[in-house]
Amino acid sequence: MSVTVRVPAKVNVQLAVGAARPDGFHELANVFLAVGLYDEVTAAPAGELRVTCAGPDAEQVPLDRTNLAARAALALAERHGVEPAVHLHIAKDIPVAGGMAGGSADGAAALVACDALWGTGASRDELLDICAELGSDVPFSLVGGAALGTGRGEMLTPLEVGGTFHWVFALARRGLSTPAVFREFDRLAEGRDVPEPVASPDVLAALAKGDCDALALAVSNDLQPAALSLFPELSDTLAAGRAAGALAALVSGSGPTTAFLASDAGSAAEVAAVLRASGTCRAVRTAEGPVAGATVV
Ligand SMILES: C[C@@](CO)(OP(=O)(O)O)[C@H](O)COP(=O)(O)OP(=O)(O)OC[C@H]1O[C@@H](n2ccc(N)nc2=O)[C@H](O)[C@@H]1O
Ligand SMILES: Nc1ncnc2c1ncn2[C@@H]1O[C@H](COP(=O)(O)OP(=O)(O)O)[C@@H](O)[C@H]1O
């Protein structure tokens with residue numbers, strides 16, 4: 001008996017970042033869109049907790065209890081008095097440390113898989129509570145679709161989306177540490193007023209209408225200057241994607257993956273081909289959104 005859960009990556013179509021809070025986190029207005037790059041987590045009975053991982057970048061994924069999938073299983077087991085004797089196999093396809101919530105996705109997927117395998121019958125709210133404990137992006141990985149995340153990003157308001165958005169993702173040759181990017185954000189903001197983060201009405205309207213031209217004009221990422229400060233070569237990738245005809249180009253979350261909005265699947269394929277030939281990135285993927293969150297397959 002085993003349970004497999006498929007879980008998507010995310011791109012931030014708006015990431016507004018406020019000042020650092022006393023708890024070390026930043027207040028956000030974070031507009032998430034789930035996109036069709038997936039990890040799959042399979043939970044199966046075992047003598048003890050064990051994590052294995054396969055796929056691109058698998059060697060960068062920790063297999064101990066710091067792995068977010070393992071942390072999810074331990075959190076659910078503790079709440080329900082269950083022995084976490086489970087083998088979690090992660091089939092990765094979401095770039096690691098890429099700014100696409102790959103680890104967060106595996107945390108949400110492992111939670112759903114273990115809940116089904118163990119029959120703990122956790123409610124949606126309980127699963128969301130555990131996700132919020134695991135990380136700021138993890139609740140959205142469970143929910144999927146499109147949502148506005150406030151607080152650390154863990155308090156979600158689902159958003160209407162009136163169509164399909166076509167994306168191209170350029171994977172970078174090295175990762176970026178999310179905490180390091182937030183620290184660089186703080187350094188760049190020193191001495192300046194950091195406005196309260198507010199969701200952009202233009203972003204919300206463009207999503208609701210499914211209007212890629214309007215979305216292209218409205219997307220923004222307050223972490224982009226910090227990511228570019230730590231990884232300046234990403235500017236070349238952004239420029240290559242724009243020159244290839246992308247409607248918009250931005251760093252995905254804390255990066256280093258760069259995201260390019262295209263008008264349709266054909267244009268996305270053209271932008272992807274130009275980026276592959278540009279020599280400015282390690283690999284290029286295309287994906288559409290919104291897609292569903294963590295789902296038992
Ligand atoms: C930046 C975003 C945008 O969606 O995602 P990625 O680009 O990493 O995928 C998220 O805010 C990342 O969420 P997640 O990766 O879950 O962060 P967490 O594990 O909760 O926190 C990791 C570290 O990031 C910083 N952090 C995270 C969230 C937040 N609102 N403020 C922060 O300052 C803190 O240094 C924290 O210790
Ligand atoms: N299941 C997992 N998949 C990927 N990374 C993981 C996982 N569990 C823990 N990590 C750690 O989390 C770090 C951030 O990974 P990830 O969530 O993919 O980055 P991002 O939040 O930028 O998308 C990785 O460098 C890795 O060390």
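All of these numbers come straight from a predicted model, not from anything done at the bench.

Participant: With reference to specific residues and values, describe the overall build of the protein.
Facilitator: When its secondary structure is counted, the protein shows ten helices and twelve strands. For the protein, the C-alpha radius of gyration of 18 Å lies close to 19 Å, the compact-globule estimate for 297 residues. Its C-alpha atoms give the protein principal-axis dimensions of roughly 55 × 40 × 35 Å. Looking at the protein as a whole, 56% of its 297 residues are labelled buried. Counting contacts in the protein only where the partners sit at least 6 residues apart, residues at least 24 apart contribute 77% of the total.

Participant: Please set out the pattern of salt bridges residue by residue, giving values where relevant.
Facilitator: A pair can form between side chains of opposite charge whenever their charged atoms are brought close. Within the structure shown, the criterion is met by nine salt bridges. Between Glu126 and Arg79 there is a salt bridge, and its shortest N-O distance comes to 3.9 Å. Here Glu126, found in helix H3 (residues 124-134), pairs with Arg79, found in helix H1 (residues 68-80); they are 47 residues apart in sequence, far enough to count as distant. Judged by its relative accessible area of 38%, Arg79 is partly exposed. Taken together, the shared-partner salt bridges in this structure form one network comprising Arg21, Asp23 and Glu27.

Participant: Quick one: what's the story with the state of the cysteines, residue by residue and with numbers?
Facilitator: Scanning the entire structure with this criterion turns up zero disulfides. In this structure Cys131 is a free cysteine whose sulfur lies 12 Å from that of Cys114, the closest cysteine sulfur available. Its relative accessible area of 0% is what places Cys131 among the buried residues.

Participant: How would you sum up the sheet that holds strand E9 (residues 248-251)? Please name residues and give values.
Facilitator: The sheet built from four strands is open, its strands ordered E9-E10-E7-E11 with antiparallel pairing. Where the open sheet ends on each side, the last strands, each with one partner, are E9 and strand E11 (283-289). This sheet shows a mean twist of 25° between the axes of neighbouring strands, independent of strand direction. Sheet topology places strand E7 (residues 165-171) next to strand E10 (residues 258-262); five bridges connect them, and they run antiparallel.

Participant: Please provide a residue-by-residue account of unusual backbone geometry, values included.
Facilitator: In terms of backbone geometry, most residues other than glycine have negative phi values and most peptide bonds are trans. Here the amide bond leading from Gly255 into Pro256 is cis, since omega sits at 5°, within 30 degrees of zero. Along the chain, Gly289 connects to Pro290 via a cis peptide bond; the corresponding omega equals 5°. Take Pro290: it is sitting in the loop between E11 and strand E12 (295-296). At Asp57, a position not held by glycine, the phi torsion is positive, near 70°. Note on placement: Asp57 falls in the loop between strand E3 (50-54) and H1. You will see that Ala101, though not glycine, has its phi angle at about 60°, which is positive. Here Ala101 shows up in the loop between strand E4 (86-91) and helix H2 (102-118).

Participant: Which residues make up the packing of H1 against H2, and what values do they have?
Facilitator: Any two packed helices are characterised by the angle at which their axes cross and by the distance between the axes. At a minimum axis distance of 7 Å, the contact between H1 and H2 shows a crossing angle of 40°. Considered as vectors, H1 and H2 are oriented oblique to each other. Along this stretch, H1 crosses H2, giving a crossing that reads as right-handed. Residues Leu68, Ala69, Ala72, Ala73, Leu76 and Ala77 of H1 pack against Gly103, Ser104, Asp106, Gly107, Ala110, Leu111, Cys114, Asp115 and Trp118 of H2. Taken together, the residues that form the contact of H1 with H2 break down as ten nonpolar, three polar and two charged.

Thresholds applied
- Throughout, residues of each chain are indexed from 1 in the direction in which the sequence is written.
- To read the labels, note that chains go from A and ligands from 1, taken in the order they are written.
- This being a predicted model, a pLDDT of at least 70 is required before a residue's local features are given, and a value of 80 or more before pairs of side-chain atoms are given or counted; all residues contribute to the totals for chains, interfaces and linings.
- By convention in this description, side-chain values take in all heavy atoms of the structure and omit both hydrogens and water.
- Numbering of helices and strands runs from the N terminus; a helix is a DSSP stretch of H or I covering at least four residues, while a strand is a stretch of E covering at least two.
- Two things to know: the radius of gyration comes from C-alpha atoms, and the globule rule equals 2.2 Å times the number of residues to the power 0.38.
- Partly exposed describes any residue whose relative accessible area lies between the buried limit of under 20% and the exposed limit of over 50%, with all areas from a 1.4 Å probe on protein chains only and scaled to the type maximum.
- Whether two residues are in contact is decided by their heavy atoms, any of which lying within 4.5 Å being enough.
- Salt bridges, as used here, are contacts in which a Lys or Arg side-chain nitrogen is within 4 Å of a carboxyl oxygen on Asp or Glu.
- Here, the term disulfide refers to a pair of cysteine sulfur atoms separated by no more than 2.5 Å.
- When DSSP finds at least two bridges between two strands, those strands are taken to pair.
- Fitted lines through C-alpha atoms serve as axes, helices being fitted only where they are in contact, and the angles separating the N-to-C directions of these axes extend from 0 to 180 degrees.
- An angle below 35 degrees is treated as roughly parallel, one above 145 as roughly antiparallel, one from 65 to 115 as roughly perpendicular, and anything else as oblique.
- By the definition used in this description, the sense in which the near helix is turned from the far one sets the handedness, with an anticlockwise turn below a right angle giving left-handed and a clockwise turn giving right-handed.
- Classification convention: Asp, Glu, Lys, Arg as charged; Ala, Val, Leu, Ile, Met, Phe, Trp, Tyr, Cys, Pro as nonpolar; all other residues, Gly among them, as polar.

Honestly, it's all geometry; don't read function into it.
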